Amino acid sequence: KAGVTQTPRYLIKTRGQQVTLSCSPISGHRSVSWYQQTPGQGLQFLFEYFSETQRNKGNFPGRFSGRQFSNSRSEMNVSTLELGDSALYLCASSITYEETQYFGPGTRLLVL
Amino acid sequence: GQQVMQIPQYQHVQEGEDFTTYCNSSTTLSNIQWYKQRPGGHPVFLIQLVKSGEVKKQKRLTFQFGEAKKNSSLHITATQTTDVGTYFCAVLGGGFKTIFGAGTRLFVKA
């Protein structure tokens, strides 16, 4: 069974731009969670989606948004990028939220 | 909000020595998970503990959940260079939000 895939793997943007990251979960997994990982802050929860519904959002500004499609694929968007948004963005999928989360390889975003 | 404190932040060991990382919470936890992230990689699920006093073993790794369900530990016996990485504890919080500890980065010197 194919694992969680994330595209793109690497991204360089400049301040003020916006970015869209994509996550394709493992087939059959309906829960998708997103995390931001930085050396200083560790793994911070961004959002969780299940059946196209956002069930929770972490403590991030409104510039961070996301959505989930009917095939469980998910996207997250960051508008008006700031230097501090440079991070590794990870998504994880699970059959349901309570089950084991499987992480994708992440998208490494650098904001210049 | 719910938080989990993980210590130590870093640990340097000689190959063959043991290693332990601890995860503590001020509130009772319904569950705790452990993940390993290799340098340059992504977190990989190791195990989930849900019962008070639970102990689970995976080869050289021993996971414990405290009797009061407020703390957990991961112990590695006789570390190897393949054990290098960051070990995270995580809690499935209420409201579909997973809270991760800050992680313990393990360095193993051959």
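These numbers come from a predicted model, not from an experiment.

### Brief notes about the overall build of chain A
From N to C terminus, chain A includes 0 helices and 11 strands. Order of helices (α) and strands (β) in chain A, N terminus to C terminus: β-β-β-β-β-β-β-β-β-β-β. The C-alpha extent of chain A, read off along each of the three principal axes, is 35 × 25 × 25 Å. In chain A, which comprises 112 residues, the share counted as buried stands at 49%. Expressed as a percentage of contacts within chain A between residues at least 6 apart in sequence, the contacts between residues at least 24 apart total 54%. When the accessible surface of chain A is summed, it comes to about 5,300 Å², and 48% of that surface belongs to carbon and sulfur atoms. The distance from the centre of the 11 positive side-chain charges to the centre of the 7 negative ones in chain A is 7 Å.

### Focus on the state of the cysteines
As used in these notes, a disulfide is a covalent bond between sulfur atoms, one from each of two cysteines. For the coordinates displayed, the defined rule picks out 2 disulfides over all chains. Across the disulfide from A:Cys23 sits A:Cys91; the S-S distance is 1.9 Å. Where A:Cys23 bonds to A:Cys91 through sulfur, the torsion about that S-S bond is close to 70°, and the disulfide is right-handed. Taken together, the residues span a long stretch of sequence, with A:Cys23 in strand 3 (residues 19-24) and A:Cys91 in strand 9 (residues 87-94) at a distance of 68 residues. As far as burial versus exposure is concerned, A:Cys23 and A:Cys91 are alike and both buried. Disulfide pairing places B:Cys23 opposite B:Cys89 at an S-S distance of 1.9 Å. Taking the torsion about the S-S bond as the criterion, the B:Cys23 to B:Cys89 disulfide, at about 65°, is right-handed. Within this pair, whereas B:Cys23 is found in strand 3 (residues 19-24), its partner B:Cys89 is found in strand 9 (residues 85-93), the two being separated by 66 residues in sequence. Accessibility classification places B:Cys23 together with B:Cys89 in one group, the buried group.

What counts, and where the lines are drawn
Residues numbered from 1 in each chain as written. Chains lettered and ligands numbered in written order. Predicted model: local features only at pLDDT ≥ 70, side-chain atom pairs only at ≥ 80, totals over all residues. Heavy atoms only, no water. Helix = DSSP H or I, 4+ residues; strand = E, 2+ residues; numbered from the N terminus. Buried < 20%, exposed > 50% of the residue type's maximum accessible area, 1.4 Å probe, protein only. Contact = heavy atoms within 4.5 Å. Areas by Shrake-Rupley, 256 points an atom, 1.4 Å probe, with all protein chains shown as cover. Lys, Arg positive; Asp, Glu negative; His and termini not counted. Charge placed at Lys NZ, Arg CZ, Asp CG, Glu CD. Disulfide = S-S within 2.5 Å.

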